[in-house]
Amino acid sequence: MNKFYFTLLLVSSFGLFAQAEDVSEISTKMSELGPVKIIGSSEEELLQPNSAHFIDKQKLEQQQQSDVNRVLKQVPGVYVQEEDGFGLRPNIGLRGTHPHRSRKVVILEDGILIGPAPYSAPAAYYTPFMSKIESLEVFKGVASVPFGPNSIGGAINYITRSLPKENRAEMEVAGGTYDTQKYRANLGRVWEQGSVLLEGTHLQTNGFKKLDTSKDTGFSKNDFLFKGEQRLSGERRHSLEWKIGYGTELSDETYLGLTQDDFYSSPFRRYAASENDLMDWQHEQYQLTYKTQAQENWGFWGTAYHNKFHRNWSRFNNFRNTSIDVNSVLRDPQQGANKLYYDVITGKADSSSVGADADIVLTNNDRYFYSQGVQVGSFSYHSFNEWTHQVSLGLRLHQDQIRRNHTEDIFSMTNKSLVRTADARKDTALNKDFTQALSLSATDEILWNAWKLTLSGRYENVNYDSNNELTSKATSGNENVFVPGMGALYQFNERWSALGGINRGVTIVGPGQTQSEKPEESINYETGVRYSNPDHEFFAEGIAFVADYQNIKGTCSFSSGCTGSTLDQEFDGGKAMIRGLETRFAKGFLWGAVYIPVSLNVTVTKAEFAADSYTTNPEWGHGDIKSGDPLPYVPEAQYSLGVGTQYKKYSQEVILSWTGKMYDQTVAKDRQEIPAYGVVDWTMKYQYLPQGSVYARVDNILDNDYLVSLRPFGARPGKARSFLVGVKHTF
């Protein structure tokens, strides 16, 4: 630890890290000293020599979404596997990466790693609360090279609300179906040399699912944000910024789904065996940033950060007799002894009528995380004859840790309720994984005539330790990773441009692994064209991508169907190939005084293994993998169509999101198809005063019943139709 803090001090004095921002307007942006952005605006997005997308404040304000899944479905190349219907724990994949727990995606908040332990345990059980998010940035291919550790799919940057430019206070109150309630307030104060923002949000609902025992199935969330800046005196533009965040969640969520017959007869039912399932977490966040623009063409900043996350998910896990496969029971509940165990899960029969083997095990997955470090960076702008260089250099010193304290309690099903047995609580996991990483990055964006070239690279040195206190086994390891990338954009004229890029993708092995000794590795290619005609308000883009995996990895999480000693273990899958096409179209129409914006995003993907192998990883299935078998939970096609209208103080938008069929596993034996489905959402906003607005949102307006997951236990639905209406007013 002493070595870490010594190095941290050294880095604070001399290091540089690419907290990315477009430096073509460095003077303006450094003087604004706003939140860290990589693209900066949708206009800059069009000039990127790579695939990068910006979801701006106006769109998020219009849609008023608390579920980031519904927002990200409007971005090509992004795949989301819904889980709870509310987006509490998003499963995000980019360009064919497995979406489970967003393991293959780097999650940032204002340019800082925000996952609970992104190196030691990259499963993202925490995601920033959308109530405080002002905009989103999504990066794939070459654009994701500067971000690590596991950016093989890409990166997503959540940008929190900007500091105010004038004194203000805002109140928001909303309510809707399932007794949904939302209360949000913020207070901003500005003085000559700085400003502060204090914001708090409470969101709760009873949930749309119906437990057989009539208990609630919803959640209650709280989020608080305190951020500010103090501009320092002197000739140079420089400032100190701080951000403190605190969040809590209590959610009655479960992994237990339904049989196929029960799903189609009553998709929102929940079995009695899940009545005690509860996720309880708390998140703390601390950041201190120094920024300066020493010269007109050079800027520097450094951020020290510390995140702490504690979660305990108490939930249905298995039967006392662990040889009884819950998935098999739900897949064929009428076969042989399966019916006995199915009746226990549903509460139709007491477990005592079957025997002690049918008692139900609830696991308490109690985990403590922290993530901390210092991240510093600089941008500079240089011109040499006809060449212009925008250079970013960076360094991050980071450490994180996960401590698992898992226990089990045994309950009997008695009169449709769970009753604790006399069995003592059992320890099932007591271990700690720790990682320390040094990350260096450099990017040079070169402008020359009609060309824009990007050369980028990231080097990481990762050291990790794993200690299992139940088995007294300790392991350690070290990895060195280099991730280069190159992209180019050629501007044919004011309207047409073409781009191309190549980069390496890597996912580190990480601590405590016994099933995998190889990093995940791929070579990624992209090429495409863009057309933009501002006069006629028309934009079109098509980007083809290929990810050629030398070794694809699967992670054995409970959400993918794993239990016991293989939990959190990684498995090598060998060669895989992902090919796809992302297209975007946007057009604005004017009909009298009514403006009608239309947008269409389409992604077609073929994601498959490229060699035969044998697997014991439940994420892929047990058995033989054949070349050409599909990667799970990657739809073959998906699209999003948005049609809006804007008239004076009124605006509305209808969004159709369609997801093609996908599969729950790779191995043909027991492989099940998740059918294609479409969902229509509607949003409305009326600006009754410059200071106030009324909004309404209807999710799944056609009340479509659709299947989103078959893992880990049975069929689970998307969200039922829901309605929310709210009012916002600024004072």
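Values in this document were obtained by computation on a predicted structure and should not be read as measured data.

What counts, and at which threshold
Residues numbered from 1 in each chain as written. Predicted model: local features only at pLDDT ≥ 70, side-chain atom pairs only at ≥ 80, totals over all residues. Heavy atoms only, no water. Pairing = 2+ DSSP bridges. Helix = DSSP H or I, 4+ residues; strand = E, 2+ residues; numbered from the N terminus. Buried < 20%, exposed > 50% of the residue type's maximum accessible area, 1.4 Å probe, protein only. Phe/Tyr/Trp six-rings, centres within 6.5 Å; stacked < 30°, edge-to-face > 60°. Lys NZ or Arg CZ within 6 Å of the ring centre and 35° of its normal. Contact = heavy atoms within 4.5 Å. pLDDT = per-residue confidence, 0-100. Salt bridge = Lys/Arg side-chain N within 4 Å of Asp/Glu carboxyl O.

1. Quick word on the sheet that holds strand S6 (residues 133-140)
- Strand order in this open sheet of five strands is S1-S6-S7-S4-S5, and the pairing throughout is mixed. On the outer flanks of this sheet lie strand S1 (51-55) and strand S5 (112-113), each paired with one strand and no other.
- Sheet topology note: the S6/strand S7 (residues 154-160) ladder contains six bridges and is antiparallel. The partner of serine 135 across the bridge, within S7, is isoleucine 159.

2. Some words on unusual backbone geometry
- Cis geometry marks the peptide bond from glycine 148 to proline 149; its omega dihedral reads 15°.
- Tracing the sequence through the fold places proline 149 in the loop between S6 and S7.
- Between arginine 711 and the following residue, proline 712, the backbone shows a cis peptide bond with an omega angle of -5°.
- For proline 712, the position within the fold is in the loop between strand S38 (707-709) and strand S39 (716-717).
- Even without a glycine there, the phi angle at asparagine 700 is positive, about 55°.
- For asparagine 700, the location among the structural elements is in the loop between strand S37 (692-699) and S38.
- Take asparagine 700: its relative accessible area is 0%, and that puts it in the buried class.

3. Details of the pairing of strand S12 (residues 219-231)
- Here 12 bridges tie strand S10 (residues 194-205) to S12, and the two strands are oriented antiparallel to one another. From the neighbouring strand, leucine 197 faces S12, where its bridge partner is lysine 227.
- In this structure, S12 lies alongside strand S13 (residues 237-251), joined through 13 bridges in antiparallel fashion. Bridge pairing in S13 links aspartate 223 to glycine 247.

4. Concerning the packing of aromatic side chains
- For the coordinates displayed, the defined rule picks out 26 aromatic pairs.
- Ring centres of phenylalanine 263 and tyrosine 264 lie 5.3 Å apart, and the angle between their planes is 85°; this geometry places the pair in the edge-to-face category.
- Aromatic pair tyrosine 271 and tyrosine 342: ring centres 6.1 Å apart, planes at 90°, arrangement edge-to-face. Placement of tyrosine 271 in the loop between strand S14 (269-270) and strand S15 (278-295) and of tyrosine 342 in helix H8 (residues 338-346) is noted, with a sequence separation of 71 residues between them.
- On the basis of relative accessibility, which here comes to 1%, the residue tyrosine 271 falls in the buried class.
- Its relative accessible area of 12% is what places tyrosine 342 among the buried residues.
- An aromatic cluster is present here, built from Phe86, Tyr178, Phe208, Phe219 and Phe268 joined pairwise through their rings.
- In this arrangement the basic side chain of arginine 89 is found over the ring face of tryptophan 313, its NZ or CZ atom lying 5.1 Å from the centre.
- Directly above the ring of tryptophan 313 sits arginine 315, whose terminal nitrogen or CZ lies 5.6 Å from the centroid.

5. Focus on H8
- With respect to burial, H8 is a largely interior element, seven of its nine residues being buried.
- In this structure, the buried residues of H8 make contact with helix H6 (260-265), S14, strand S16 (298-319), helix H7 (326-331), strand S17 (360-384) and strand S18 (387-414).
- Taken from the residues just after H8, glycine 347 is the one with a positive phi, measuring 85°.

6. Considering the confidence of the model for the protein
- Averaged over every residue, the pLDDT of the protein is 90; the share at 70 or more is 91%.
- Confidence drops under a pLDDT of 50 for residues 1-35, and excluding neighbours within four residues, the segment shows 109 contacts in the predicted structure.

7. Re the pattern of salt bridges
- In the structure shown here, the tally under the stated rule is 49 salt bridges.
- Two residues, glutamate 241 and lysine 291, come together in a salt bridge whose shortest N-O distance is 3.9 Å. On the criterion of sequence distance, the pair formed by glutamate 241 in strand S13 and lysine 291 in strand S15 is long-range, its members being 50 residues apart. Summarising the burial analysis for this pair, glutamate 241 and lysine 291 share the class buried.
- A salt bridge links aspartate 423 to arginine 320, with the nearest nitrogen and oxygen atoms 3.0 Å apart. Highlighted residues: aspartate 423 in the loop between strand S19 (417-420) and strand S20 (426-448) and arginine 320 in the loop between S16 and H7, separated in sequence by 103 residues.
- Assessed through its relative accessible area of 28%, aspartate 423 is described here as partly exposed.

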